[in-house]
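Listed here are the chains, written in short residue letters.
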Amino acid sequence: MKKLDYQKLNTFIASDVIQPFYKIRLSRLTGVKLSDVIKRKNPYLFKAKNIETAGDLAKNILDAFLSSQEETIFGDLMENLAVNICRKVFSGKKAEEGKYRSVDLIFERDKKVYIVGIKSGPNWGNSDQVNTMKKNFIKAKKIIKAERGKIEIIAINGCMYGRDNQPHKPGYRKICGQPFWELISGDNDLYKKIIQPLDKEAKKRDETFKRLYAKKINEMTKDVVRLFYTKNDLDWNKIVDYVSKK
């Protein structure tokens, strides 16, 4: 086990987590058009929220568009961070995609091999998806035993945030939040330490995002008025027709 270099960790978070996250956010924000995105959103939901102004409709549509993929994008970047941390401390390796399924990280700690499927939070899948993961863990164990011989292999469903009060599951363990970050790093407080560089780097880039966001809201508000206003009111028949009529 090696000690984690926190200065290098902070640099990695800045360059490989926050920078690409904001680059993707800005790219999506720059390219979005009301005429495209509204066709992929549920107009009945917006009506149920009693939206009455062009600005509110534009903001709701834009926010829904931006948030629809952000958790997945950020989750992938944080998974990469977790693998990088484990590589530095335990010489962990990212699992080969063609060789293993449902396994993202493999490492050895305390003379045990850990195979880890990384998820953002604890409520990530239905029963079919969980069963598929369990079957893939069994297959991964067979591959490793064939290569390594007699060694204890522990399957982990690791979640980057949240809690699970019953970590011992049939065939695997579910470890969420603080215990997950400790498992891959050996640091009990890592789950809190990574917040600091995230906060610092996000503040550097957020002003640029906010300026572009405000411009995009104004642009989309004008489009809402042009396309869907009748006598100074939102015409929901026009909105539904635009989204759904052949």
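Preceding this paragraph is the structure being described.
Residues numbered from 1 in each chain as written. Predicted model: local features only at pLDDT ≥ 70, side-chain atom pairs only at ≥ 80, totals over all residues. Heavy atoms only, no water.

### A few points about empty space enclosed by the protein
One simple way to see leftover space: roll a probe sized like a water molecule over the atoms.
Next, step 1: One pass over the full model with this rule turns up one cavity of 30 Å³ or more.
Next, step 2: In this structure, the largest cavity encloses a volume near 30 Å³.
Next, step 3: Lining the largest cavity we find Ile38, Lys41, Pro43, Phe46, Leu57, Trp236 and Ile239.
Next, step 4: For the lining of the largest cavity, the secondary structure elements donating two or more residues are helix H3 (43-48) and helix H9 (236-244).
Next, step 5: Among the residues making up the lining of the largest cavity, the classes are represented as six nonpolar, no polar and one charged. (1 Å grid on protein atoms, 1.4 Å probe; cavity = no way out; pocket = protein on both sides within 12 Å on 5 of 7 lines; lining within 4 Å. Points joined across faces, edges and corners; volume = space filled by probe spheres on them. Helix = DSSP H or I, 4+ residues; strand = E, 2+ residues; numbered from the N terminus. Nonpolar A, V, L, I, M, F, W, Y, C, P; charged D, E, K, R; others polar.)

### Brief notes about the pairing of strand E6 (residues 172-176)
On a regular strand, each side chain points to the face opposite its neighbour's, so the side chains alternate between the two faces of the sheet.
Next, step 1: Taking burial as the measure, the five residues of E6 include four buried ones, the bulk of the element.
Next, step 2: Where strand E4 (residues 152-159) lies against E6, four bridges are found, and the strand directions are parallel. Counterpart to Asn157 in the pairing with E6 is Lys174.
Next, step 3: As paired elements, strand E5 (residues 168-169) and E6 share two bridges and run antiparallel to each other. Each bridged residue has a counterpart across the sheet, and for Lys169 the counterpart in E6 is Tyr172.
Next, step 4: A loop of two residues connects E5 with E6, the two strands running antiparallel in sequence, and Gly171 in this loop sits at a positive phi of about 90 degrees. (Buried < 20%, exposed > 50% of the residue type's maximum accessible area, 1.4 Å probe, protein only. Pairing = 2+ DSSP bridges.)

### What about the sheet that holds strand E3 (residues 112-119)?
Next, step 1: Spatially, E1-E2-E3-E4-E6-E5 is the arrangement adopted by the six strands of the open sheet, whose pairing is mixed. The outermost strands of the open sheet, each flanked by one partner alone, are strand E1 (93-94) and E5.
Next, step 2: As defined by bridge partners, E1 adjoins strand E2 (residues 105-109) across two bridges and the pair is classed as antiparallel. Considered in E2, the bridge of Lys94 is made with Leu105.
Next, step 3: Packed onto the sheet, helix H6 (residues 178-185) meets E2, E3, E4 and E6 and runs at close to 110 degrees relative to E6. (Contact = heavy atoms within 4.5 Å. Axes fitted to C-alpha atoms, helices over the stretch in contact; angles between N-to-C directions.)

### Overview of helix H4 (residues 54-90)
Next, step 1: Counted at 1.5 Å a residue, the expected span for H4 with its 37 residues is 54 Å, and the 54 Å between its end C-alpha atoms agrees.
Next, step 2: For H4, the principal kink sits at Glu70 and spans about 35 degrees.
Next, step 3: Note on H4: the residue one or two positions beyond its end, Ser91, has a positive phi of about 60 degrees. (Expected span 1.5 Å × (residues − 1). Bend = angle between axes of the 7 residues up to and from the residue.)

### Let's talk about helix H8 (residues 195-228)
Next, step 1: With 34 residues, H8 extends only 43 Å from end C-alpha to end C-alpha; this falls clearly short of the ideal 50 Å at 1.5 Å per step.
Next, step 2: When the local axis directions of H8 are compared, the greatest deviation, roughly 40 degrees, occurs at Arg205.

### A word on the pattern of salt bridges
Next, step 1: Under the definition given, this model contains 17 salt bridges.
Next, step 2: Among the salt bridges present, the one from Glu147 reaches Lys99, with a minimum N-O distance of 2.5 Å. Residue Glu147 is found in helix H5 (residues 127-148), and its partner Lys99 is found in the loop between E1 and E2; the two are separated by 48 residues along the sequence.
Next, step 3: Put simply, Lys210 and Asp206 hold a salt bridge, and the shortest N to O gap is 3.2 Å. Of this pair, Lys210 and Asp206 are both found in helix H8, four residues apart, which corresponds to roughly one turn of the helix.
Next, step 4: A residue is classified by how much of its surface remains accessible, and Lys210, at 46% relative accessible area, is partly exposed. (Salt bridge = Lys/Arg side-chain N within 4 Å of Asp/Glu carboxyl O.)

### Quick word on the packing of H4 against H6
Next, step 1: Relative orientation of the contacting elements H4 and H6 amounts to 40 degrees, with a least axis distance of 8 Å. With respect to H6, the axis of H4 lies oblique. Residues Met78, Leu81, Ala82, Ile85, Cys86, Val89 and Phe90 of H4 touch H6, and the partners they reach there are Phe180, Trp181, Leu183, Ile184 and Ser185.
Next, step 2: Within the contact of H4 with H6, the residues separate by chemical class into 11 nonpolar, one polar and no charged. (Parallel < 35°, antiparallel > 145°, perpendicular 65-115°, else oblique.)

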